[in-house]
Structures are given as structure tokens and as C-alpha cells.
Amino acid sequence: FLYLYLYSPNNLRQSTFRYSLTQNAVPLTVEGGQMANEWQGVREDHKFVLTPMYRGQKADNPTPLGGLTLQAGLNKTAPFHLNMGYAVPGYECWLILIVPVCYVRKDGLVGSNSTPIHDLKFDVFPATLDGFMSLTNRGGGLALAWDNRFPTLADADGDGLLVNVRHGLDPNDALPDADGDGLTDSFELERRQAGIALSPILRDSDGDGLTDKQEMEFGTNAGVADSDNDGLRDGQELWHQTYDANGAPTNTFEGGWEVMINGASNILQRVSSNPNQADGDADGLTDQAERQLALDANPANRVDNQNRPYHPNVANAPPLAVYAASNDADGFVRPGQPVIYTTTVVANVAVAPGVLQVTTPAQLSVSPGSPLSPYALAFNPATFNSTQTVLQQTNLTVAGDAGAGALNLSSTAQVRLPNTAASGWTFDPVVAEAPQSGFVAPFKARFHSLNPSRVDRQDSYFLSGLVGPSAVEFSTGDIRLYGLPAGTARVAETSAIAAGQYFLRGFTAPDSAVSNNNRSLVVWDHIDRCNTITINWLRVQTAGTDGGSGIEPFITLATDNQTKNENVWLWTTGGGSADMPTGQQRGPNTFGFPITRTICGETRLKVYESDGPVSNPAQQEFVAQIVTDPFRDRNNQTLTFSGAGHTIEVNVTVPVRDAFV
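Let us look at the structure shown here.

Cut-off values and rules
- Residues numbered from 1 in each chain as written.
- Predicted model: local features only at pLDDT ≥ 70, side-chain atom pairs only at ≥ 80, totals over all residues.
- Heavy atoms only, no water.
- Phe/Tyr/Trp six-rings, centres within 6.5 Å; stacked < 30°, edge-to-face > 60°.
- Helix = DSSP H or I, 4+ residues; strand = E, 2+ residues; numbered from the N terminus.
- Buried < 20%, exposed > 50% of the residue type's maximum accessible area, 1.4 Å probe, protein only.
- Arc of directions from axis to C-beta.
- Pairing = 2+ DSSP bridges.
- Axes fitted to C-alpha atoms, helices over the stretch in contact; angles between N-to-C directions.
- Core = buried A, V, L, I, M, F, W, Y, C linked by side-chain atoms within 4.5 Å.
- Contact = heavy atoms within 4.5 Å.

Scanning the model with the defined rule gives twelve aromatic pairs in all. For the ring pair W239 and F253, a centre distance of 5.6 Å and an interplane angle of 25 degrees mean the geometry is stacked. A residue pair is termed long-range when its members are at least 10 positions apart, and W239 in the loop between α5 (234-237) and β10 (240-243) and F253 in strand β11 (residues 249-254) qualify at 14 residues. Relative accessible area serves as the criterion here: at 40%, F253 is assigned to the partly exposed category.

All of the buried residues along helix α6 (residues 287-294) are D287, A289, E290, L293 and A294. The buried residues of α6 occupy an angular sector of 160 degrees when projected down its axis, which confines them to one face.

Attention shifts here to the sheet that holds strand β15 (residues 338-347). Overall, antiparallel pairing links the four strands, which are arranged β14-β15-β19-β17 in an open sheet. Taken across any chain shown, the strands that pair with only one partner, and hence form the sheet edges, are β14 (320-326) and β17 (364-366). Adjacent strand axes in the sheet meet at a mean angle of 35 degrees, parallel and antiparallel pairs treated alike. Here β15 pairs with strand β19 (residues 388-398) via ten bridges, running antiparallel. Within the sheet, the bridge partner assigned to T342 lies in β19 and is Q393.

This next bit is on the sheet that holds strand β23 (residues 478-484). Adjacent strands of a sheet pair through backbone hydrogen bonds, lying either parallel or antiparallel. The four strands lie next to each other as β21-β22-β23-β24, forming an open sheet whose pairing is antiparallel. Of all strands in the sheet, those bounded by a partner on one side alone are β21 (444-452) and β24 (488-493). Neighbouring strand axes in the sheet, compared pairwise and without regard to direction, differ in orientation by 25 degrees on average. Relative to strand β22 (residues 461-468), β21 is paired through eight bridges, and the arrangement is antiparallel. If you follow H448 over to β22, its bridge partner there is G465.

Further remarks concern the nonpolar core. Among the nonpolar cores identified, the biggest contains 27 residues, and I535, L538, I555, W569, L605, F641 and V650 are the most heavily contacted of them. Of all the secondary-structure elements, those providing two or more residues to this core are β30 (530-542), β31 (553-559), β32 (565-570), β34 (595-600), β35 (603-610), β36 (620-628), β37 (634-643) and β38 (646-654). Here W569 is in contact with L538, P553, F554, I555, M580, R586, F591, F593 and I595, once residues within four sequence places are set aside. V339, V349, F379 and V398 belong to the second largest nonpolar core, which has 23 residues in total.

Taken as a whole, helix α3 (residues 185-193) has its buried residues at D185, S186 and E188. The arc that holds the buried residues of α3, viewed along the axis, is 165 degrees, so those residues lie on one side. Where α3 ends, the next residue or the one after it, G195, has phi of about 105 degrees, a positive value.

Geometric descriptors of this kind do not, in isolation, establish any biological role.
So, in C-alpha cells, the structure goes:
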């Protein structure tokens, strides 16, 4: 106690502690007194035997650790060491005679240590924002690429559609606009649900030359190439910007056509027609006809009889004139009077044969023997020269009971301009196709459907058929597809899955359809007749007389046609013994239970009792059987088998499932 004064502030300041961070352990060498001027807040902490004890502090900021190669990821370790060097004053005492002598040693306790830091875990981010947001394919979808523990994102592209692996409809979860048409996938599917046939994977869903976004902007039908059915594709009617194969806009414009405006100086004007109205200017000429006339090789045919150029937005005089007259000079007729009504149709340009429709009131009837409307207008563009005229006479009779009043008759002529394209189509001679092949008896061609395989051709067909051994509902069969007339064939789906397992078919032919982009869809009945049955446990409810203290039951599964029988459980299964007495149960989760098997169609669950080897039918007692099928829900259901003096309970599970998938 005589030397407690040695615990002084000055001696505290002689203490030295130094730290460093390094990848590997590095010893630190220090000496006492190196921190004499660095200690802060040296003050009394407490007293010991009335002598003050002192404390102080010094914050040390080691040099940041560099040179570490860190891999981006979650819960990563950064291998480094915390090194410490220390020199603490020591008090050394000697006993001289009976008097202790103590003094201070500045370097009383000197040393160093290194502590590896392994328990700290770091989430190491990629060096760039692009690296942080980078995605990769994982688990059927996309996930953050910088750690494998990130799960698949439900909507990686943020378009509002779930990825397919999450049971969603997104065609490409890496892009909010899978087809690059300027419309998000979710927008296109919402419009499709509303009845507008937009496709999220086709930039031009109907193939008319306009992107789906352009169709939305122009107000045309994105699912129909010719919205107004005037014979011109929407892209032909409208002057529009084109896009390249990657969906980027180009400096090229297409569509519409040029109209020559006659004057002192002829002006060539690019015009567009209304793609939503077959006759945009309501002048009786369809936009297709006005286009064909405006582009006619003969300049004289490019203007109407008023010298106005044919223009889809300017009313023109039709190149067809209709005149009506009767043989009654004063225009008054009496009951029972015959009347000859003559229609004269004059074509001022070459036209193809057409139709004349004459409409008469009820008080006028066509005379016996006179031809009935409509009439053929036998124009012939090959012989056209300046004009061409067709006359049609209609013989009428005024009704005998007709009263006073006006009788209104009308004549309407409809013709089209001659085809200026390549020579027309002709039908090939009828040739019998080769019979369907690829199957043998008892399989036969049962039900078929035939559809065009292309919307732009009449000589290419798609035949889909059900080929099977029977023409009744719920029988087996393969779905076969044939291309006509090429004769190509392939199997879309067979009934067989594995031995004893197969699908069933309905009583209808497969159905098919073709889109505007010539993509075919085939649908057919597919009845999955297979399921699983799990046997959970067996209990002997009553053991009949068997010559011993118990019985030896076993379970058999048999298909409906008895072609497959399997002993799925014996009394010896899982280490079991013979002589099961009344009340004894085996399973669940012991003695080989549970047992799961695949069943297809009606299956018989049979229980036997054996008095000898299972292989010897003479020593088997049949207890009972219960028929089950794949579609009957048996959730942990206990079945009772009684017979031959025994009652045995078997607990089974057959999960719920839909037969039609």
C-alpha cells in the first residue's frame, strides 16, 4: 500500500496501444510513452484504499484496409486481421531485508497479437448501378444476377404482367414491350381482352404494314388487315412512317398514293384514304376504285366527267351512269296494265362484269316468263372503247287491286374495275389425295376438321384428325396433323404415356384456326385418366378363424381389364410378422406404409388372407374388393373389406383432380 501513489496520471500516459488492419497477421512493435501526448480525458475513475485510480481514452483510426478483392454478393466475408501492439508500464518490487522497494518500468508489459475477423458478413454491392440492376435467367424467369440467392422476380420488366413461372402471361419478362411496337405487353393484352386482337409478340399483329401502335393512333383495327373491307390494307391507305426489323423508326414513309391535280402546272399530290370507311367521301366509289382510277396508265381515265381527278376525299362523278325508263309515256298506269321497265347502264371506263338490282313495289309484279332481278351486267373490259352500255328490260304487271298512289322503282348497278394484277387464279384438276397413313389396325381415321392453313391462299389446307381404335366417347386415340396438298404429316399427341397409362379422347374432331399471320392453332380433347392412390394403413377389424392367433392379410391392385395385378403390401412388409390379431393396425409410417402407386382408369383394390405362400392361389382367401377411379376424391378415407369371416380396414388417399386438362 506504500506504493499506490505509483498509479498516477503520468504513469497512465506512459501506456501505448497501436492498431492496424491487414489481410494477413502482422506484428506491431511499440514502446512505452509513445502515446504520452495522445491520451485524452485522464481523470479519476475511483479510489482504492483512499488512493485515486485514473482512466483515460484515445480513439485510434487505423489506416483503411486496401487491396481486398471483394466479390459482389450477399453475406460475404472479407478476410482481414485486427493487429494490436501494446506497451504498458509495470511496477516491479524487491524485498530488501523486510522493506519492499518498488519502482516503475516503462515497458513492463510489452507484446502484440492479431485477431482474424471471420464473423462479420457483408452485402457487397456491384461496383456500378448497371451491375446492381443486371438480371440473369434463373428458375424459369429473371433474377438479380449478382447473387444466386435472389429469387425469380415476379415482374422483372415492370409491365404489370407476371412471369410465366409465376403462372402469368408475360411473353418476355426481360422487356416491357416484347415486340417493340411501342405498346406495353400489359396494354396489348388488356386491349385483347376487350376484343381488339392485339398481339404482344407481333409488332404488326394483322400484317397490314402498320405497327400496332400506329393502328391505335390512327383508330384502325389492329387485328384486321383491311379495317373497312374495301380491298386495301390499312397500310396502303395511310401515309405512314416505317419501322425497321428491330422496331426503330426509319426516315422512310409509305402508303397512300399520288393524285395528279390538273392545271396550268400539274401538281402531284400524295393522298391518304380513310381506312375505316370503304367509301370515305361517299361518292359511290370505294377507296380502292378511286386509287385504281387515279393510278390508271391512261391519263384520261384519271379524271371524272367533270374533269376532277379521282380523289378519296373529294366526291367524284362515278364512271358508271344508270338511266331508267318505262314504255308508259305519261307515267300513269291502271290496274292490270303491263309495263316495260328498262335500265340502261353506261360505263365510261372499262369495268368488269357486275350486277344490276331492280327494286319494285308490291303493286308491281314481274310478268310470267320474264327474268327476275338481280341481273348480270355483261361488261367486257377487253372490248371497251370509250364507253360501254348494257340494257336490261324488266316486264312488269300492275296488280289488279292496286289503288291510287305513286309507284317507286329503283335500279342499282354494282361493278368493279378490272383486275390489273397478275393473271387470275385457276383451279387445278381434281386429284385424289393419298389416304392418311402412319397408323395400323385397329386404329382408323375417326373425326376430322379442315381449315385453310393460310389466309392469303386457297390451295393450302390443314387437316387435323382423331385416329383411334374406336369411334365412341372416352376411348383412346392419337391426334394427327396433315398438310394438304403437300402431304406432310406428324403426330401432335399420342394417347400412350407409359405402359398401362394413356389419355382418353372425346367424341369430337380436333378444331383448328389460322391467324392473319398464317399461324395455326389446333385444340382437341385431352382427358387425363391417371392419378395416384396412397395406401396409408391397414387394420384387422375382425380376424376370422385361421388356425392360429391371427391372420395374414395382403393387398393387391388390379387394373380394370385385369391385365396388371400387383401385390403392393404383404403382412411381412417392413419387418412385419404373421398372425395379425383383431384390432392390430400397421401404419401409417411403419411396416412399409404409406404406399403410393399410379392408377389409370378403374382400378380394383383387393384384400386377401393367405394361409401359405402368396404365390399359391390355392392357399389364398379372397376377402373383398373395392373399385376406385382416378377422379373419385378419397381424402384419407377408410375402406372396409369383409369376407371369408374377416373384416379388414384400409385407409387410402386419392387426390382431387380435373379430368379435362
